[in-house]
Amino acid sequence: AQGPIRIGASLSLTGTYAKLGRNQHEGYKLCEKDLNATGGLLGRKVEFVVYDDQSTPATAVRLYEKLITEDMVDGVMGPYSSPVTEASANVTEKYKKVMVAPLAATTSIFKRPPDKKRYYVFMVISPAEAYLEGLIDMAAKRGLKTVAVVNEDTLFSKAAAAGAVDIAKKKGMQVVFQEAYPKGNTDFAALLTKVKSLNPDIVAAATYFDDAVALTRQMRELDVSPKAYGVTVGGDLPEFYDTLKANAEYVYGATQWEHVLPYPGNHEFFGAYKKEFGHEPSYHSAAGYAGCLIYAEAVKRAGTLDADRVREQLLKLEMRTVFGDYKVDQDGFQVAHRMVTFQWQEGKKVVVWPDEMAPAKPRFPTPPWNQR
Amino acid sequence: MSKQLLTAYELVGGYGKIDILHGVSLSVGVGEIVSVIGPNGAGKSTAFKTIVGFLRPRSGRVVFNGEEITGIRPDVVIQRGLAYVPQGRPVFPQMTVLENLEMGAYTVGEPARVAKALERAYELFPILFERRRQKAGTMSGGEQQMLAIGRALMTAPRLILLDEPSLGLAPKFVTLIFDKLMEMKRAGYTLMLVEQNAARALAIADRAYALELGRNRFEGPGTALLADPEVKRLYLGG
Amino acid sequence: MNVFVTPAMLAQVVVSGILSGALYAMVALGLALIFGVMRIINVAHGPLLMLGAYTTYFLYSALGLNPYLTVPVSMLALFAVGVLLERTLVFRVVDAPELSSLLLTFGISIALVNLAQLLFTSDLRSVEYLTGSWVVGPVALSKPRLVAFVFAGALTGLAFLFLRRTKLGKAIRATSQSREVAMVCGIDVQRIHLITFGLAAALAAAGGALIAMIVAIQPEMGQTWTFKSFLVIVLGGAGNYPGALLGGILLGLIEQVASLFLTTQLSEVVAYVLLVVVLLVRPTGLLGGRET
Amino acid sequence: MLTVNGIRDDLMATTVLEIERLTKRFGGVTAVDGVSLRLEAGRIYGLIGPNGSGKTTLFNCITGVERRDEGRVVFGGGRIDGLKPWEIAQKGIGRTFQLIRVFPELSALENLLVVTRDNLAAARERALELLRFVKLEELRDEYAGNLSYGQQKLLEFVRVLMREPTLILLDEPAAGVNRTLLNDLLDAVRHLRNQGRTVLLVEHDMKVVMGLCETVFVLDHGEKIAEGAPGVIQTDERVIEAYFGR
Amino acid sequence: MIRRGAALAALAAVVAGLAAYPGYASGYGVRATLQIFMWIVLAGSWNLISGLTGYVSFGHVAFFGAGAYTGAILVAKVGWPWLPAALAGGVAAVLLALVIGYPCLRLKGPYFAIALLGLNEVLRALVSYFEGLTGGGNGLSLPTLDATIPIYYAMGASAASVTLLTYVIITSRFGLRLMTIREDEVAAEAMGIDTARHKLYAFLLSAAGPGIVGALTARDQGYIEPISVFPLATTITMIVMVLLGGKGTVWGPVLGAVVLFVAQEVVWARYPYVHPLLFGAIIVAVVLLMPRGVLGLLQSRYRLPRTI
Ligand SMILES: Nc1ncnc2c1ncn2[C@@H]1O[C@H](COP(=O)(O)OP(=O)(O)OP(=O)(O)O)[C@@H](O)[C@H]1O
Ligand SMILES: Nc1ncnc2c1ncn2[C@@H]1O[C@H](COP(=O)(O)OP(=O)(O)OP(=O)(O)O)[C@@H](O)[C@H]1O
Ligand SMILES: [Mg+2]
Ligand SMILES: [Mg+2]
């Protein structure tokens, strides 16, 4: 018989994105295990070859080159984060390798001018621009008018902020303030003082992690009290609530995935993952897992590992995974997957948007800090 | 001969793998002044550094006051009653003159004794009192030398090793320092010094050594060496 | 998107700047100490601060200790860590050129951060104790930051007194100027180095403990602090202990005021440009450090 | 007395360095206090004075290592106060330092090679000759920092010679140098004079000063208190009081 | 003389081997070697200013970043071919060095180090801020172009040039003069050495290489963003490489770059989760066991000439 099918990936196992990259890695590992338990792929076992890119694009580029030309892997899966994907995609394009990139949320990686077009990279999660859509949409429906947008100055957060501004304008709202802050910033006193002086109805923050916590804390300290306040990444982590406790109440967050969402197999995935790794999966885990299954499905349908045939299948494929819906347009850009918006309510993330998936209503408006 | 206070037997050693000393022996009896002379690079400073413990000898022994101190750390040696004034500019440049002197008395507990010692240092070198608030690093070369000697006296040591105490001093102070050394001897201190001012160093020495190329070359009473034509030719400049 | 700056806003920002500035000063003082005494730029200062923060976190979450009571405990614990590091590694580079020690501590810093990642994971932790603020007129005083300010001020003051007045403190300063002469004075230099390193680690730990109540704790939290501490001691004058205080407050103020009038992003630029200007006018920092 | 523009031609030819009312203060201390001196070509001058009287500071002001507060320094027909140290050095003033400043991690030979502009082969030749002269040729490849105190002192001395300056400032060249070598050193200084160079020498060893110098300046508390032939100076009351002691 | 001949022959063989390498290497082999060249340039350039004059440049990656952005902007916005863009990257870095070197080189010791560290941060913040030109935090994406092999040669040529330059400098009196600045700047000035100008020249020379390879890297990678071209870690890696090999020597940076890169690559492959820990340990070990680097150690033990 033939040897196993080897799938290569470079992941951010250390460095800035270590935590998220490791979750993605576990998603891949669980997928590998599940595939092999059900007979592998094309009758062969599946084996992941994973390297650490230390969260830097330059290293990832080299490692993909190594995976493809040296280790001669049969297929590749995407790395963590948009910048790293952006750089690595140049390599996979060069070697005409299909790359399902489960954790790249930046539109510009996929939507490119004709002379820079990419053919082999596929998106799984919703674009960054969609992160704050739920928050703005809900607020608009409830008659709020003014928005302040703040964001970390990185590829992903900027896109999320730009999306928020666009949507707000479309809905006839007024963006009264927008400012970026550098990565790693944890002191927002001056920025919030400015926000406070404008007294916006909504504060929409495109955050990564620590900044989400620091921002929330300082909003309380400086008594910045909008009627709706939401963050992007970081707000969905259990630590967000553990850290902020009561101060996290009423905060909106956006997520690509929640384990309570009624996707097929989601519940089982959640249980299996917890059992395997001893902690709950994050959406990175689920996206990694689902991305791997999507690639496997396309290979199955193509009946071969040949890149162009697999590509055709990926373009055609419509699939509902534990992570939600998959369907891409001709650029490999995700069009089916939906973001959800939740709100922290009594220590629980309660999905409140979009309406068709929401088991509960948002608690609106957000009361002043001392009444939470 | 009087009781030996310090004896160094057959010291061999140097820096890293290179030996500078090839068997140097020095000794000082209680109450003596011993001078060490020799050309530049003879190993005089190296011998002192080895005795005090900055360098570890490859072989040989150092006995101070009946105890073996070979290879013991300098600060420990100094606590046992040996004082050492290194060659060059041995002061704390960013500390005031007063603080420098206080640090000299680091191993002395009682404030009363420190105050006493301070007084003695000021008496010996009045400029130190005048400049007690000046940063030591901004004092002139000679002033710094006085400070270093003054500081060494703060502990009332049993034996003082001085590496070129007259280096860079004005004649008035050279005379003063040699006078003070004699005075200290009379007061019961034991002294060993390295000097390039060989004539004066031999004149006050009970005994003296001349080193050359890391070995003992001459040895004897100070006045005898001073009179020796060979010594004169080699070390006193004719 | 112009924001009209009112005096009240300016007051708020100035107060915030001073509050964080004192914290900068305290953390930087540890760095200044090590630099002054051992001529070592301790890049592991931030990671030591991170360990201090974790100590506080674990004492608080596991034993339920009042986080402010953990400050001395963290300090003691990190004093021990500092002593251990000095005894095993750092003492070997004390005589070496500046660059060696810099790299050594950089290596230690990488190792500490990754050890923390392995042991504590990269999960965010935090100590939620005092929250909210006291409002004085137009100015909101963050409770945890104000308390941290008081602690930092007191600890910095104590450290100064220690260095100026006590015999041990003076011996530390003496050793910083000439090791050889210190030995000649009978000072046990190795012990002084140990104590210095321990003390600096303890000051970093105090910073970590206080910061734990302000921002989230994670293994990489220290780097920014190493960085800021550098800025602070260079601004004030390296090796100049009062300079660290001035530098800290100044940095806090510059950051906040620049963020108010420009953007948070440019505040860093402003801080550095100002630093370079200061250095050009006074090449050894505001209060004049030591030439190397 | 000379006026600024009224320097006579014959003086122009012989005056090498002229210092007018030079003053340097450090905080409260006036280290050099209105000192004026004139040095003529081809002579050896002494500069003596008690410790802390401002000799080294005067050197530092002449060579630009310290900025003078007041006064002017004229060398080779032009003002040099305010110039950078290297510019002054390139105009032809060389110096040694009282507290040795060799380049510790360059070899003894490299210490000499680095300071000239001659072609390397010629410079090497000359450098070796100079090292031989101070009995350091065997240590030529040793790092200068590993030499003994006196050896470093000698190295610094020959480093100045390497540059062949017209005016040489020596700050205690004899301190710490063995007496035997000292005689050679003194010969070297005389030889420099015979080549038409000018030497200004700070020294506490009176034998050296008396044996070498034609004119001696005496500083005390930053002020020039006497000037004259060594024999005369030695009997000057103020100098004895301030410097020699009784 | 025979030994010298043999060394030259060996060197020629290595160069020839490297020149022929892309003919039979895998894509990874080419890219990894290309990145080794890049590190040789970076380490060698750092050695020029810091190894020789003792002015520790803690922001040397700033020149790399400046070159990367200059090159990328010229390629993406003006449509230049990559080779002139790379040279322009070098020119931009040298200009930057001129502007900041003039004031900053007056600072000494840690002050200089921190000022340059600051420069790097400022540059990164400015690049993020001027989005119109640089794409800000979005980064700059270049058209796909497979030029890895030509870039390999360009990188190789840069590495060779920097090494040759180092050799020329170290064997000249200019090099010795730079070292006197490291040893004792006051004495150097008193000996008539115009230290300010010497430092500035060394600084300019040390900026050119990083500028060029910055632009080449941008082209090769096809995408750059502020955080990935201005990381402090890159400066640190340069320093570790030079220290490992031996600072102030000709071949030290080359040796350090090759050894460290290969070691990291091997370690990465094996221990993805703990390699930073190992990197930390390597640094500690280098500093403790070989403070003067491999060549420095050989040099002082066997009295080898400086030109190794
Ligand atoms: N940087 C400085 N700051 C403050 N005072 C200084 C400084 N440099 C020198 N002084 C003071 O200026 C005076 C003159 O010092 P200088 O070194 O010129 O003396 P000197 O004549 O060379 O003495 P010596 O013979 O001991 O070398 C001294 O009192 C000294 O303390
Ligand atoms: N740190 C060092 N490393 C290596 N060699 C050294 C070191 N210090 C001194 N030496 C060498 O040791 C020898 C003796 O030096 P030492 O300082 O003992 O001489 P000395 O007799 O005190 O001379 P001087 O009268 O000039 O002070 C010299 O040849 C010198 O080159
Ligand atoms: Mg000596
Ligand atoms: Mg002097």
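Residues numbered from 1 in each chain as written. Chains lettered and ligands numbered in written order. Predicted model: local features only at pLDDT ≥ 70, side-chain atom pairs only at ≥ 80, totals over all residues. Heavy atoms only, no water.

Draft legend 1. The arrangement of the overall build of chain E in detail. Check the secondary structure of chain E and you find 15 helices and 2 strands. The burial tally for chain E puts 63% of its 308 residues in the buried class. When contacts within chain E are restricted to residue pairs at least 6 apart in sequence, those whose partners lie at least 24 apart make up 79%. Of the roughly 10,800 Å² that chain E leaves accessible, carbon and sulfur atoms contribute 72%. Both charge centroids of chain E, one from 19 positive and one from 11 negative side chains, sit 11 Å from each other. (Helix = DSSP H or I, 4+ residues; strand = E, 2+ residues; numbered from the N terminus. Buried < 20%, exposed > 50% of the residue type's maximum accessible area, 1.4 Å probe, protein only. Contact = heavy atoms within 4.5 Å. Areas by Shrake-Rupley, 256 points an atom, 1.4 Å probe, with all protein chains shown as cover. Lys, Arg positive; Asp, Glu negative; His and termini not counted. Charge placed at Lys NZ, Arg CZ, Asp CG, Glu CD.)

Draft legend 2. Fine view of the environment of Met192 of chain B. Residues and elements named next belong to chain B. Structurally, the position occupied by Met192 is in strand E8 (residues 190-194). For the pair Met192 and Leu159, spaced 33 residues apart in sequence, the C-alpha separation works out to 7.6 Å. Setting aside chain neighbours within four positions, we find Met192 in contact with Leu6, Leu26, Val28, Val34, Val36, Phe48, Ile51, Leu159, Ile160, Leu161 and Leu162.

Draft legend 3. Structural detail: the coordination of the magnesium ion (ligand 4). All names here are of chain D. Note on the magnesium ion (ligand 4): its protein donors are Thr56 (OG1) and Gln98 (OE1). The metal-donor distances range over 1.9 to 2.1 Å. Within this pair, whereas Thr56 is found in helix H2 (residues 55-63), its partner Gln98 is found in the loop between strand E6 (93-95) and helix H4 (108-113), the two being separated by 42 residues in sequence. Residue classification places Thr56 among the partly exposed positions, given a relative accessible area of 24%. (Donors = N, O, S within 2.8 Å, 3.2 Å for Na, K, Ca; no water.)

Draft legend 4. Looking closely at the coordination of the magnesium ion (ligand 3). In this structure, Ser45 of chain B (OG) and Gln87 of chain B (OE1) serve as the protein donors to the magnesium ion (ligand 3), at separations of 1.9 to 2.2 Å. Taken together, the residues span a long stretch of sequence, with Ser45 of chain B in helix H1 (residues 44-52) and Gln87 of chain B in the loop between strand E6 (82-85) and helix H3 (97-104) at a distance of 42 residues.

Draft legend 5. Local environment of the interface of chain B and chain D. If you look at the interface, chain B gives 29 residues, while chain D gives 28 residues. Note on chain B versus chain D: buried area summed over both sides is about 2,000 Å², and carbon and sulfur give 54% of it. A per-residue breakdown of the area chain B buries against chain D is headed by Asn40, Pro171 and Lys172 of chain B, which together make up 27% of the total. Where chain B meets chain D, there are 0 salt bridges. Our count for the chain B to chain D interface comes out at 9 residue pairs in polar contact (both at pLDDT 80 or more). For the side of chain B that touches chain D, the secondary structure elements donating two or more residues are helix H6 (141-152), helix H7 (171-186) and helix H10 (229-235) of chain B. (Buried area = accessible area lost by both parts, 1.4 Å probe. Salt bridge = Lys/Arg side-chain N within 4 Å of Asp/Glu carboxyl O. Polar contact = N/O pair within 3.5 Å; in protein donor to acceptor, adjacent residues only side chain to side chain.)

Draft legend 6. Spatial organisation of the sheet that holds strand E2 (residues 18-29) of chain B. Residues and elements named next belong to chain B. Read across the sheet, 4 strands follow the order E2-E1-E4-E5 without closing on themselves; strand pairing throughout is antiparallel. Strands at the two margins of the open sheet, each flanked by one partner only, are E2 and strand E5 (67-68). Inspection of the sheet shows strand E4 (residues 59-64) paired to E5 by 2 bridges, in the antiparallel sense. Of the residues in E5, the one forming a bridge with Phe64 is Glu67. (Pairing = 2+ DSSP bridges.)

Draft legend 7. Inspection of the state of the cysteines at higher detail. Residues and elements named next belong to chain A. According to the stated counting rule, one finds 1 disulfide over all chains in the structure shown. Here Cys31 engages in a disulfide with Cys292; their sulfurs sit 1.9 Å apart. Around the S-S axis, the bridge from Cys31 to Cys292 shows a dihedral of about -70° and counts as left-handed. Placement of the pair is Cys31 in helix H1 (residues 18-37) and Cys292 in helix H11 (residues 283-302), with a sequence separation of 261 residues. The same class applies to Cys31 as to Cys292, namely buried. (Disulfide = S-S within 2.5 Å.)

Draft legend 8. Region of interest: the site of ligand 2. Taken together, 19 residues lie near ligand 2, and Ser45 and Thr46 of chain B together with Asn146, Ser148 and Gly150 of chain D sit nearest. Mapping the residues adjacent to ligand 2 onto the chains of the assembly identifies chains B and D. At 2.6 Å from an oxygen atom of ligand 2 is found a main-chain nitrogen or oxygen belonging to Gly150 of chain D. Residue Gln151 of chain D places a side-chain N or O atom 3.2 Å away from an oxygen atom belonging to ligand 2. Protein burial of ligand 2: of its 630 Å² of free accessible surface, 87% is covered by the chains. Elements that contribute at least two residues to the shell around ligand 2 include exactly H1 of chain B together with helix H6 (149-162) of chain D. Residue composition of the shell around ligand 2, grouped by class: 6 nonpolar, 11 polar and 2 charged. (Near = heavy atom within 4 Å. Nonpolar A, V, L, I, M, F, W, Y, C, P; charged D, E, K, R; others polar.)

Draft legend 9. Representation of the interface of chain C and chain E in the model. On the chain E side, the residues contacting the 41 residues of chain C number 38 residues. Together chain C and chain E conceal approximately 3,300 Å² of surface at their shared face, both sides included; 84% is due to carbon and sulfur atoms. At the junction of chain C and chain E, the tally comes to 0 salt bridges. The set of elements that each furnish at least two residues to the side of chain C that touches chain E consists of helix H4 (98-120), helix H9 (222-236) and helix H11 (264-281) of chain C. Looking at the side of chain C that touches chain E, the element that brings in the most residues is H4 of chain C, giving 14 residues. For the side of chain C that touches chain E, the class distribution of residues is 26 nonpolar, 10 polar and 5 charged.

Draft legend 10. Local environment of the confidence of the model for chain E. Per-residue confidence for chain E gives a mean pLDDT of 88, with 97% of residues at or over 70. Under the prediction, the complex receives an ipTM of 0.82, its pTM being 0.85. (pLDDT = per-residue confidence, 0-100.)

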